[in-house]
Amino acid sequence: MNKGTIQDISFFSEALQEDMQLLIYLPPNYSPLYKYSVLIASDGKDYFQLGRISRVADELYEEGAIENIIIVGVPYKDVKDRRSKYHPEGSKHIAYTRFLAQELVPYIDDNYPTYQVGMGRSLIGDSLAATVSLMTALAYPNTFGKVIMHSPLVNDEVLKKVENHADVHAFSLYHVIGTEEKAVKTGDGKLTDFITPNRELHNLIKNKGILTFYDELEGNHTWKLWQPDMKRSLLHNFSV
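Here the structure is a predicted model, which is why all the values come from computation and not from measurement. (Residues numbered from 1 in each chain as written. Predicted model: local features only at pLDDT ≥ 70, side-chain atom pairs only at ≥ 80, totals over all residues. Heavy atoms only, no water.)

Q: Any chance you could explain helix H4 (residues 93–111) here in plain terms?
A: An α-helical turn contains 3.6 residues, so a residue and the one three or four places further along point in the same direction. Compared with an ideal rise of 1.5 Å per residue, which puts 19 residues at 27 Å, H4 spans 26 Å between its outermost C-alpha atoms and is within 8% of the ideal. Along H4, the sharpest kink reaches roughly 35°, centred on Phe-99. Restricting attention to buried positions, one finds in H4 the residues His-93, Ala-95, Tyr-96, Thr-97, Phe-99, Leu-100, Ala-101, Glu-103, Leu-104, Val-105, Ile-108 and Asp-109. (Helix = DSSP H or I, 4+ residues; strand = E, 2+ residues; numbered from the N terminus. Expected span 1.5 Å × (residues − 1). Bend = angle between axes of the 7 residues up to and from the residue. Buried < 20%, exposed > 50% of the residue type's maximum accessible area, 1.4 Å probe, protein only.)

Spelled out as structure tokens, the structure:
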């Protein structure tokens, strides 16, 4: 099986005033003569190491099952850094969404042959990384056309932002949650019910008319739930 390559790049963010690591997966057939869709993963290192997203993409390319995509992983530095950027109430949350939309997207578009339209760009994340992916798409609906969410943290702020979102046709959602996610230990040490607010979010999304795929999987809030869903996630959003 032919394998893609992963570039490890350091990128300075003006919005965050810090160097950001980027892990950029280029598929086996990569050529500047082709055009590529872009998938941006917060929790980027986790998606490559625990989610094995590049291996899954290699397998799907081998089968001729998915379109040309570049996967951009954005790792977090530590748990505190992750919460400050991903949580809706985090001190760097707004700056991080600005980094994704106004700095990272132009950088990728300038350096790789991408489809420079909203439907050519997607966001993916698990837990808080899924939350910030959704919040970013809500804030920049013309920049990102698809969001893939694995067990997002959903609170009143998230529900309010979705409720107030007017352009229901701006992007589509892929949304999964585990049936056992009833007492998840979050970064602040609290046990949190994930599944009930996720069901509420799904009903809100459906009632607003946002295009969505939703499924409840057997399992808890870990990569043992999300990794086996990686193939379906990519096929659902990028199949040829």
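There's plenty left to go through after this.
Q: Got a minute to help me understand the pattern of salt bridges in this structure?
A: Opposite charge on two side chains lets them pair, provided their charged atoms get close. Enumeration according to the criterion identifies 11 salt bridges in this entry. Note that Glu-18 and Lys-77 form a salt bridge whose closest N and O atoms lie 2.6 Å from each other. Linking Glu-18 in strand E2 (residues 18–26) with Lys-77 in the loop between strand E4 (69–74) and helix H3 (79–86), this pair joins segments that are 59 residues apart in sequence. According to the relative accessible area criterion, Lys-77 is partly exposed, its value standing at 49%. A salt bridge links Lys-92 to Glu-18; the shortest N-O distance between them is 3.4 Å. In this pair, Lys-92 is assigned in the loop between H3 and H4 and Glu-18 in strand E2, connecting sequence segments 74 residues apart. The class for Lys-92 is partly exposed, based on a relative accessible area of 30%. (Salt bridge = Lys/Arg side-chain N within 4 Å of Asp/Glu carboxyl O.)

Remember, this is a structural readout, not a statement about activity or role.
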